[in-house]
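One letter stands for each residue in the lines below.
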Amino acid sequence: MKLVVVSAGLSSPSSTRLLADRLAAATREHAGSDIDVQVIELRDLATEIAQHFVTGFPSSRLAAALDAVAASDGLIAVSPVFAASYSGLFKSFFDVIDKDALTGKPVLVGATGGTARHSLVTEHALRPLFTYLRALVLPTAVYAASEDWGDEGLDRRIARAGAELARFLSPAATVPRPGTPDVDTAAAIAPRSLHGAITSVDPADGFQVVPFEQQLAALRAE
């Protein structure tokens, strides 16, 4: 299985790269060491991405990066926050990728920023971007503010996100069985169920799903 990690950090060392590496490590911890991880640092491709917009042709290095993302079995994409959204470099890379490259691909998104006030950037910017590209965006997105590093809450979010991605990458992933989801993950995906409304997230009971058709019939009967 091939996992590609896209980091849009600009500095070295970079907190964005650190978060990307930790998400990849958490995924491998659950999915197994047979996962091949490739990291793409967008700052090394910044000039080539800009030239591609002008010429319409990618350089060999940029083409290799785009092909790696398209051929991957899963993607981790992490951006620093700029002006309350993802960075321009991050958006530019996904602007030049083939429109069908991410269709149906599991994507774990993350972001870093200086303050917790930008924590919803994963939901109002990153998730809509990858949804538009028809990717399968995982329920848990991870945001890390400066004060989060070293906090157990960030560790738990990283572990949960890695476990979710591992489910798609390895059938032997060491994650909870479908009948015993963790409460946080179940709560996160409840609004996005494709089959119905999840009415129970009790780990002892598992998911209890009421199909939308059944809910609609009950409403009509009232």
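Going by the structure above, here's the rest.
Cut-offs used in this document
- Residues numbered from 1 in each chain as written.
- Predicted model: local features only at pLDDT ≥ 70, side-chain atom pairs only at ≥ 80, totals over all residues.
- Heavy atoms only, no water.
- Phe/Tyr/Trp six-rings, centres within 6.5 Å; stacked < 30°, edge-to-face > 60°.
- Helix = DSSP H or I, 4+ residues; strand = E, 2+ residues; numbered from the N terminus.
- Buried < 20%, exposed > 50% of the residue type's maximum accessible area, 1.4 Å probe, protein only.
- Pairing = 2+ DSSP bridges.
- Axes fitted to C-alpha atoms, helices over the stretch in contact; angles between N-to-C directions.
- Parallel < 35°, antiparallel > 145°, perpendicular 65-115°, else oblique.
- Left-handed = near helix turned anticlockwise from the far one by under 90°.
- Contact = heavy atoms within 4.5 Å.
- Lys, Arg positive; Asp, Glu negative; His and termini not counted.
- Salt bridge = Lys/Arg side-chain N within 4 Å of Asp/Glu carboxyl O.
- Polar contact = N/O pair within 3.5 Å; in protein donor to acceptor, adjacent residues only side chain to side chain.

A.B. asks: It is not clear to me how the packing of aromatic side chains should be interpreted in this structure. Could you clarify?
C.D. replies: Here a ring pair, both rings aromatic, is described through the centre-centre distance and the interplanar angle of the planes. Counting across every chain of the model gives 5 aromatic pairs. For the ring pair F90 and F94, a centre distance of 5.0 Å and an interplane angle of 55 degrees mean the geometry is tilted. Of this pair, F90 and F94 both sit in helix α4 (residues 88-96), 4 residues apart, which is roughly one turn of that helix. Each member of the pair, F90 as well as F94, carries the same accessibility label: buried. Taken together, the aromatic side chains of Y86, F90, F93, F94 and F130 make up a single cluster linked through ring pairs.

A.B. asks: Would you take a moment to explain the pairing of strand β3 (residues 74-82) for this structure?
C.D. replies: Two faces make up the sheet, and in a regular strand the side chains alternate between them. Counted residue by residue, β3 has 8 buried out of 9 residues, so it is predominantly covered. Two strands pair when backbone bridges link them, and strand β1 (residues 2-7) and β3 are joined in this way by 5 bridges, in the parallel orientation. Looking at β3, one finds that V6 is bridged to A77. Note that β3 and strand β5 (residues 106-113) share 6 bridges and pair parallel. Across the sheet, S79 pairs through a bridge with A111, a residue of β5. In the sheet, β3 pairs with strand β4 (residues 85-86) via 2 bridges, with the strands oriented antiparallel. Bridging from a neighbouring strand, V81 pairs with Y86 of β4. What sits between β3 and β4 in their antiparallel hairpin is a turn of 2 residues, with A83 showing a positive phi close to 50 degrees.

A.B. asks: I keep staring at the packing of helix α2 (residues 46-55) against α4 and nothing clicks. Help me out?
C.D. replies: Helix packing geometry: the angle between the two helix axes and the distance between the axes. Orientation of α2 relative to α4, taken along the N-to-C sense of each, is 50 degrees, at an axis distance of 10 Å. Considering their axes alone, α2 and α4 lie oblique with respect to each other. Between α2 and α4 lies a crossing of left-handed hand. In contact with A46, I49, H52 and F53 of α2, α4 contributes L89, S92, F93, D95 and V96.

A.B. asks: Looking at this structure, I do not really get the side chain of E164. What am I missing?
C.D. replies: With respect to the element layout, E164 can be found in helix α6 (residues 152-169). Although buried, E164 forms no salt bridge, and the nearest oppositely charged side chain, R160, lies 4.7 Å from it. A polar contact is formed between the side chain of E164 and the side chain of T140, at a distance of 2.7 Å.

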